[in-house]
Structure formats: C-alpha cells, structure tokens
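What the coordinates show
Each chain, written out:
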Amino acid sequence: MRRTAAFLRLLGAALAAVMLMASVPASANDGVPMPQLAKPKGEKCVEPTDYMRRNHMDLLKHQRDETMHKGIRTKKYSWKGCVECHAATHPDIAEGKVPTLYPFCAQCHHYAAVQIDCIQCHTTVPESVMKSSKAEGEADKLMTMMKGHLGETEQR
Amino acid sequence: MTDKAVQSETGTSGEGCGGAMSRRGFLGISAAATAITLAPGVTLISPAAAKPADQAASPKVRWGMLVDVTKCADGCDDCVVACAKENGLKSHNRPETDAQWIRKVTLIDKANGFTKTLPVMCQHCAHPPCVDVCPTGASFKRPDGIVLVDKHICIGCRYCMMACPYKARNFVHEDTRGQKPHAPRGKGTVESCTLCVHRVDEGGSPACVEACSKGSGALMFGDIADPNSAISQEIAKYGAARIRADLGLDTGVAYRGL
Amino acid sequence: MTKKIALTQVEGRSSGWYGLLVLFGTVILAGLGSTWYMEHNGHWVTGMNNQIVWGMPHVFAVFLIVAASGALNVASISSVFGRNVYKPLAPLSALLSISLLAGGLAVLVLDLGRPDRLIVAMTHYNFKSIFAWNIYLYTGFFVIVGVYMWMMLEKKMNRHTKTAGLVAFLWRLALTTGTGSIFGFLVARQAYDAAIMAPMFIIMSFAYGLAIFILVIKFSYTWLGRPIGAYVCLRQRNLLRVFLAAMLYFVAVYHLTNLYATEHHGVERFILLEGGIFTALFWIGQIMIGGIIPLVLMFHPATSESRIALRIAAFMVIIGGICQMYVTIIGGQAYPLVLFPGMEVSSSFFDGQINSYTPTLAEIVLGVSGIAIALVLVLIVVKFLKILPASLADSAFDPNYVEPVIHPTDDEAPETA
C-alpha cells in the first residue's frame, strides 16, 4: 500500500515538474489550481531555477549529511538558508504576520502530492524571525497549522 | 586554503600567529555573522576556536565537559532550564515521556547521609554503546567526540536507549512544536544532549555551561584532547572521576568531587 | 519401516476455514489500527516511556521470534538427526517457523517510532549492531527455510533435504543466539549483560516452538477430522519434557550466577522477591505455569499418557513463555540503571526508582496481532501447498505399530474442515 502510494507520489511529482517547466497556467479542466509561488527574497537562488526545481532535494540531502556528520555548516545549500529566503507571509497564515514555507514549498509539494519529510522535524519559520520572542509564540501555533497544510497527516 | 585552515586549527601554540592570521582571513564573512551569536559574558569556559564553516570537525579535537560537583548548588537547575530553552524542549506535563537532555540528580551517601547534587547528560563516550547497537548508524560519534543522533535515518527502535548506561537518551513521544532552527526534533526518533553542537561549531560553548557560568560556575567546557586547554589543565591539577568508569567507555564528561 | 505418508492440501472452502480467516483477519486489522493510533499520536499514548522503552509489543515480538526458531525443531530432528518418523511433519514445522518469524517481525516493525522508514533499515547498516546482524539473520532465515521447504516438497529435490536441513538448523541456532544477545550484550543493564542469555534463549526457543507446534497439530487435526495417534503425541511429549527441564536448569543457573555476585543482589531481590507483578509473573507464570506444572502433567503417571494433559501442558508453556518475556524485557527495564553504586539516587528523570509500566490496549492488541499474522499465514499456505500429512494415526506413524483386530484403514480420512 505504502509503496503504491509512494509510487503515485513520485508519478505526481514528475508530472508536476513537467507542468511547471512548461509553465502552463491552470486550465479550466484542471481540478487542482496551479500553485502560485511566492516571490523569494533576493535576486536569484543559489543555482539556476531549472536546476533547483529538479535537484533541490539532492542538494539538501547532501548538505544534510555534511552538516550532521561532519559539522560542515556552509550556508549555500543549507536548509536554514532555504527557509531564510523562501519563507514568505501569506494572508491565510497567522493573518499574514509570520513568514513560513507555505507560500513557496508547501503549495507546490501539496500540488505534486509529495510529502516533505524535512518539516516533521525542522521548523519552517526563518531563524531571523524566530529570534524575536513575539514570533516564537506565534510559531508554536503555526507549526500545528503548517503541518496540516503540508499534509503530514496524509502520510499514515 | 583548506590545508592552511586545518593547520591553524590543529597547530600548537608554537606555530604562532601565522596560522591564526590565515584563519582569521579565511573566516571572512562568516566570522562576522557568527560573532553576533556568540555567548556574552562567559567566564569559566576555555576559549573554543571557531571552526570555518566549510571545514569538517577535526579528529584532533575532543570536546568534553568538567562538572565540579563541589560547586554545583542544591536546588539550582539553571543548566536544565537553559538546555530546554536552547533546544526548544517543551514539557507536556507528562514527566515519564517528557524530554530531559540534562537532569539534576541528587545523591545521598547511604553510609553517612552526605548529600550532593550534580547534572547528568549524555557523557559523549569515546566508545559509546548507543553507537555500537544502532542498527542503521543513526547514532554516531563525530570526529571531535560529540555523540549525536542522525534523526534523518533514525527508525525509532530505541535500542540505544536500552544500551545507554546513563539514561541519557529520550524518545520523542509526540508531535513537536516550536522547534528551534538549530535543533530539529521529530516524533518517533531518539534524541539526547548534542553538547550544543551548533554553538560549538561556531566557537561557542553549550548553553548549560553558559548558564552555569553566570551562577555556580560548576561547568567547564573545552578540548580535553589538548593538554594545554583550560579544562585539561584543571583536570590534570585536581583530578576528576567518570560516572561508571568501570564500563571503560572513556566518557567526555568528567566530574570533580564525585 | 514406516509407510509413506501422503501430504495433502486442505480444501479451504469450509465455513471453519473462512471463519478462522475472518477471525485472524479481524485481529490483524485491529493490530494495524493500533499501530495507526500509536504512530499518529506518538508513543505517549502507550504505556511505554523514557524509562520502559520496550513494552508489550516487544514481549510478543521477541516471544514469536524465539518460538519461530523452536518451531523448526521437528524438521531439524527429521532431516539433521535422521529421525524418519518426523519426516511427514517436517514441512509443517518449517512453515510454522517462517510464519511465527513473520508475525514477530511485523510487530517489531509496526512498533518502531518511524515504521515508514523501514527502508532505511534495509539500506543503512551498522555492522557492529546486533540488530543489524539480526536483520540478516531474519531475512536469511526466510530464504533458507523457504529453500528447505522446497527441497522437502519437490520430489526431484528431495535428495538435498538433508543439506538444506542442516543449513537451516545451524542458521536457526545463530538466529536465536542473535536474539538472546540483543539482551545479553547490554552491558549497563543489571538484569541483562550475561552471556548465558543466548544459550538460555535457544533452549527456551526449543520449548516454546515445540509447544506451539503441538497445539497447531492438535487443533488442525481435530478440526480437519484427520486421525492423530498416540505415538506422535508421546514423542512430542518426551521432547517437550526434556526442553522444559533444560530451560529450568538454565534459568536456575542464570539466577544463581547473579546471586553469587553481590553487585547483582539488588536486581535479583527485585525479580525474585520484591518486584510485585514481576515477582509474581516470574514464580507463578514463568516457573510454575511455564515449567513445573507442565512437567508434572507430562511425568505424573495419571496424566502423562493423556493427550488433553499434553495439550494443556503445551498451552501452559506458551503462557509461561510470554510471562518470561515480560519479566525479562519489562522487568529488566523496571529495575533502575545503577549510575552511582552505594548512593541513594533521586531526580526528576526517575533515576534510582523502580519504573512503572501499564500496558495499554493498543500495545496488547498489536502484540496479539503478531500471533494472528503467524496463524493466518499457516492457514493460507496449507490450502495451497501440500503441507499437512493425511494421517498421523499410529498405523501410519508408529514403526512398531501392530494392527488391532478391528480397525478401519484410515489413511484417507474424510475432510471436514
């Protein structure tokens, strides 16, 4: 069952990637609306957009092992770095006060039906925001909501 | 460039400032960024050199801690509070399943009633039983002696918790909320004291040590592989015991006055 | 010499067969439901905690895994030790051992904190871990016993049976050594850390596996209406007597060794005298129900020939086995780690305290579902493969059988189940 589900997710991800690259706007007979990705901070990502769309998971995974096991903490491909630039506010979340990964990562993953395992442990609120104590309390409440949005419960 | 950095990191004091200069140059932008997060007003810690971000943890370093039991105050739990705050540990009012990476233990000598109190956390063994038993290799020891759980590959079997002689490990029994960016935690995986590895990598000291330095000053952090470090000299001068030294695990945490 | 006994399939269309399928299926679904409940909420909804990290699922899982190895006894005796009388029962013995292992492993996996990451356990290995060895020992066991069954069931392959049987026999010894060592290698725990755990688990596996085998035979033959003679019962009784006596001997040696070392007096006093539920389960469950009473039943002249007594004895051995696992696994964790010998220790993290454990329904259901998984596998396979001997009657089985004056030829008994 799980394997079938995983396979379907993979298929969905591949389809979504193809559709994104072609950047076809949502057509009338498309059941799920196309994700409208939030504009990240900064001029450009650490790698060209096309490359990132296909390979961001591999970059993250490689960096994850480097950081975890060797203590290499370069910023370029770090999860924290991703969150810092790609977290954005969204009117539906915390009244648009706290930036999260929903408007960028989660929407697309949701669309592609790909589980983001990362956020089961990692916070989705940027470090710079977390440092202000006001946001921290907010972030607590947010995590509950975020996990719902990111489809954590769909996993099991 | 990396070679120079390695030299400066591991070089003895005799090599002088050349190495230090190159490291400072090497650190460049990241040093400026990390300086802000460094602990203010730390008195008792030996100065830990910041490692360049792209450099792997060195096997020539071994991070360790010295607990001066004679200074550890009864009823004080500053280290415990600091740890929970630093790592985003939340209580759910369920003491049997709530996470405690560090805890205060009270000992009463049965023979004479003498009482003492001390913190116990992951002892960062040189030969950690948790690492031996972990089926997937999620429990591992970094080159610099810090014992960690790689939660990405932890399957939650809890064999490490059975194997640890110090009861240092916790299982995350519920969904996590409000994790810190530097301390991810997730339901169904095992966790324990990381020696605040995120701070250590940036040249800082663990949160418990920092908190204690403002009060009792019973905790000291440093490189126990370097005989010239403050912690090594302190241990050499006054001696120190290890909890369950009979197991031969060569713990990284030592206790004076145990 | 004995006659050649035909192995046959069961029809598997009776209401009894479907009834069992529904029964086991329901228990398995309930087990999966329990897993979902535990994984969805996190393990705080179970009785397990940071002190008692392994609970009821592990009691059942380890019991089943240990019994799995023992269920292979009959096949080993036939193939390795050349007792041809057991040959017709060998395929069932092999099937039961695979099924029990599957049931035990399923429970173990479903209790993981992250069962969705099972693939990680297959792709990341730490070769110093006994658990990692066991992953090889378990998967290897499936393959080896599977091949062994093939050799037994396929006429053309029969000549390899002895070799396959020998490999399977050696492998199961390694497997139970590995299972026992999970506990034996835990240096820090007062109740474990003993090399004798591995051989003790082997002898326990002999007893538990045989007890389950006896019951499976009895019930399936009763339901199928196939004859079962006194000869096969008495042979199994004799074996079980030896295994039980040996098990009690190992338990005695284990505790006596501990009692000699002053360091272990605390944990021994806990298990043997002051441990409350653990002491009760040890003396009443493990020793009396799981050892002494079955031995008396099987030795006393009044009951030793009785098949019902043998059935009761086998059932008691299983109950005793589960009690033993509870005492070993939970009791071993309930007794606190000794960090500071000679000191009275206290903390907010339950240092120096006897730890409490109250199993919840979900855990117990998950554990029991492992038994259902094992039995449902047997139920399904005997429908599709020729596993069960057509008859276990004395006329077919006993080499010294003397035909009574009035006796029907019962080799092709009618199938009713």
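These figures come from a predicted structure and were not determined experimentally.

Brief notes about the interface of chain B and chain C
- Each partner contributes to the interface: chain B provides 53 residues, whereas chain C provides 54 residues.
- A buried area of about 4,700 Å², summed over both sides, lies between chain B and chain C, and 57% of it is on carbon and sulfur atoms.
- On the chain B side of the contact with chain C, Tyr-159, Met-162 and Lys-167 of chain B bury the most area, a combined 17% of that side's loss.
- A salt bridge links Arg-158 of chain B to Asp-111 of chain C; the nearest nitrogen and oxygen atoms lie 2.9 Å apart.
- Scanning the region where chain B abuts chain C turns up 35 residue pairs in polar contact (both at pLDDT 80 or more).

A word on the sheet that holds strand β9 (residues 253–256) of chain B
Residues and elements named next belong to chain B.
- Taken in spatial order, the 3 strands of this open sheet run β8-β1-β9, and their pairing is mixed. Strands with a single pairing partner mark the edges of an open sheet, and in this sheet they are β8 (219–223) and β9. With strand direction ignored, the average angle separating the axes of adjacent strands in the sheet is 20°.
- For strand β1 (residues 63–68) and β8, the ladder comprises 5 bridges, and the chain directions are antiparallel. Following the sheet pairing, Val-67 is matched in β8 by Leu-219.
- Helix α8 (residues 230–238) rests against β1, β8 and β9 of the sheet, and its axis sits at about 115° to β8.

Examining the packing of helix α2 (residues 56–71) of chain C against helix α8 (residues 197–224) of chain C
All names here are of chain C.
- Close contact between α2 and α8 brings their axes to 6 Å; oriented N to C, the two are set at 80°. Taken together, the axis directions place α2 and α8 in an arrangement best described as roughly perpendicular. Of the residues in α8, those touching α2 at Val-62, Phe-63, Val-66, Ala-67, Ser-69, Gly-70 and Ala-71 are Phe-201, Met-204, Ser-205, Phe-206, Tyr-208, Gly-209, Leu-210, Ile-212 and Phe-213.
- Partitioning the contact of α2 with α8 into residue classes produces 12 nonpolar, 4 polar and no charged.

So, the nonpolar core
- Formed by 202 residues in total, the largest nonpolar core has its most connected members in Tyr-159 of chain B together with Phe-183, Tyr-208 and Phe-340 of chain C.
- Top contributing element to this core by residue count: α8 of chain C, with 19 residues.
- Dropping the residues within four chain positions of it, Tyr-208 of chain C is found in contact with Phe-63, Val-66, Ala-67, Met-247, Val-317, Gly-321, Gln-324 and Met-325 of chain C.

Focus on the packing of aromatic side chains
- Counted by the stated rule, this structure contains 21 aromatic pairs over all chains.
- Geometrically, the ring pair formed by Trp-54 of chain C and Phe-131 of chain C is stacked, given 5.9 Å between the ring centres and 5° between the ring planes. Residue Trp-54 of chain C is found in the loop between α1 (15–41) and α2, and its partner Phe-131 of chain C is found in helix α6 (residues 130–153); the two are separated by 77 residues along the sequence.
- In this structure Phe-131 of chain C comes out as buried when scored by relative accessible area, which is 14%.
- Arranged with centres 4.9 Å apart and planes meeting at 80°, the rings of Phe-282 of chain C and Trp-283 of chain C form a pair that is edge-to-face.
- Judged by its relative accessible area of 3%, Phe-282 of chain C falls in the buried class.
- An aromatic cluster is present here, built from Tyr-159 of chain B together with Trp-54, Phe-131, Phe-183, Tyr-192 and Phe-201 of chain C joined pairwise through their rings.
- Sitting over the ring of Trp-44 of chain C, Arg-94 of chain B keeps its end group 3.6 Å from the ring centre.

A short note on the environment of Thr-189 of chain B
- Secondary-structure assignment places Thr-189 of chain B in the loop between β6 (170–171) and β7 (190–191).
- Given the relative accessible area of 0%, Thr-189 of chain B is considered buried.
- Sequence-distant contacts of Thr-189 of chain B, that is, excluding residues within four places in its chain, are made with Lys-151, Cys-154, Asn-170, Phe-171 and Val-172 of chain B together with Arg-114 and Arg-117 of chain C.

Quick look at empty space enclosed by the protein
- Counting across every chain of the model gives 10 cavities of 30 Å³ or more.
- Counted as a void, the largest cavity has a volume near 170 Å³.
- Ala-191, Tyr-254, His-255, Val-327 and Thr-328 of chain C are the residues nearest the centre of the largest cavity, which is lined by 20 residues in total.
- Every element with two or more residues in the lining of the largest cavity is listed here: α8, α9 (230–260), α10 (265–274), α11 (277–299) and α12 (307–334) of chain C.
- Element by element, the count of residues in the lining of the largest cavity is highest for α12 of chain C, at 5 residues.
- Its residues assigned to classes, the lining of the largest cavity comprises 11 nonpolar, 8 polar and 1 charged.
- Contributing to the lining of the second largest cavity are 17 residues, with Lys-167 of chain B together with Asn-50, Gln-51, Arg-189 and Leu-337 of chain C lying nearest its centre.

Notes on the confidence of the model for chain B
- The predicted model of chain B has a mean per-residue pLDDT of 83, with 81% of residues at 70 or higher.
- Here residues 1–47 of chain B is a poorly scored stretch, pLDDT under 50, and it has 51 contacts once near neighbours within four places are set aside; other chains count.

Brief notes about a nonpolar patch on the surface
- On the surface, a cluster of nonpolar side chains totalling about 290 Å² of accessible area is made up of Met-288, Ile-292, Ile-293 and Val-296 of chain C.
- Of the residues examined, Ile-293 of chain C reaches a relative accessible area of 31% and is grouped as partly exposed.

Examining helix α3 (residues 79–86) of chain A
All names here are of chain A.
- Burial in α3 covers these residues: Trp-79, Val-83 and His-86. All buried residues of α3 fall inside an arc of 90° around its axis, so they share one side.
- Where α3 is buried, its residues meet α2 (49–70) and α4 (102–112).

Re the layout of surface pockets
All names here are of chain C.
- Looking at the second largest pocket, its volume works out to about 860 Å³.
- Lining the second largest pocket are 30 residues, and of these Phe-24, Val-216, Phe-219, Trp-223 and Leu-375 sit closest to its centre.
- Listing elements by their share of the lining of the second largest pocket, those giving two or more residues are α1, α2, α4 (90–110), α8, α12 and α13 (361–384).
- Here the element with the most residues in the lining of the second largest pocket is α8; it accounts for 7 residues.

Observations regarding the interface of chain B and chain A
- Each side of the interface is counted separately: chain B has 32 residues, and chain A has 25 residues.
- Considering only the surface of chain B that becomes buried against chain A, His-152, Arg-177 and Pro-181 of chain B emerge as the three largest contributors, covering 25% of it.
- Where chain B meets chain A, there are 1 salt bridge.
- Taking the shortest distance from any N to any O, the salt bridge between Asp-201 of chain B and Arg-73 of chain A comes out at 2.5 Å.

Digging into the sheet that holds strand β2 (residues 343–347) of chain C
- Spatially, 3 strands are ordered β3(B)-β2(B)-β2(C) in an open sheet, and the strand pairing comes out antiparallel. Edge positions in the open sheet fall to β3 (115–121) of chain B together with β2 of chain C, since each of these has one partner strand only. Between one strand and the next, the sheet's axes are offset by a mean angle of 30°, whatever the strand orientation.
- Here strand β2 (residues 102–109) of chain B pairs with β3 of chain B via 7 bridges, running antiparallel. Bridge pairing links Thr-106 of chain B to Thr-117 of chain B in β3 of chain B.
- In the packing of helix α3 (residues 78–87) of chain B onto the sheet, contacts are made with β2 and β3 of chain B, and the angle to β2 of chain B comes to roughly 160°.

What counts, and at which threshold
Residues numbered from 1 in each chain as written. Chains lettered and ligands numbered in written order. Predicted model: local features only at pLDDT ≥ 70, side-chain atom pairs only at ≥ 80, totals over all residues. Heavy atoms only, no water. Contact = heavy atoms within 4.5 Å. Buried area = accessible area lost by both parts, 1.4 Å probe. Salt bridge = Lys/Arg side-chain N within 4 Å of Asp/Glu carboxyl O. Polar contact = N/O pair within 3.5 Å; in protein donor to acceptor, adjacent residues only side chain to side chain. Pairing = 2+ DSSP bridges. Helix = DSSP H or I, 4+ residues; strand = E, 2+ residues; numbered from the N terminus. Axes fitted to C-alpha atoms, helices over the stretch in contact; angles between N-to-C directions. Parallel < 35°, antiparallel > 145°, perpendicular 65-115°, else oblique. Nonpolar A, V, L, I, M, F, W, Y, C, P; charged D, E, K, R; others polar. Core = buried A, V, L, I, M, F, W, Y, C linked by side-chain atoms within 4.5 Å. Buried < 20%, exposed > 50% of the residue type's maximum accessible area, 1.4 Å probe, protein only. Phe/Tyr/Trp six-rings, centres within 6.5 Å; stacked < 30°, edge-to-face > 60°. Lys NZ or Arg CZ within 6 Å of the ring centre and 35° of its normal. 1 Å grid on protein atoms, 1.4 Å probe; cavity = no way out; pocket = protein on both sides within 12 Å on 5 of 7 lines; lining within 4 Å. Points joined across faces, edges and corners; volume = space filled by probe spheres on them. pLDDT = per-residue confidence, 0-100. Patch = residues over 30% accessible without salt bridge, like charges linked within 9 Å, V, L, I, M, F, W, Y side chains within 5 Å. Areas by Shrake-Rupley, 256 points an atom, 1.4 Å probe, with all protein chains shown as cover. Arc of directions from axis to C-beta.

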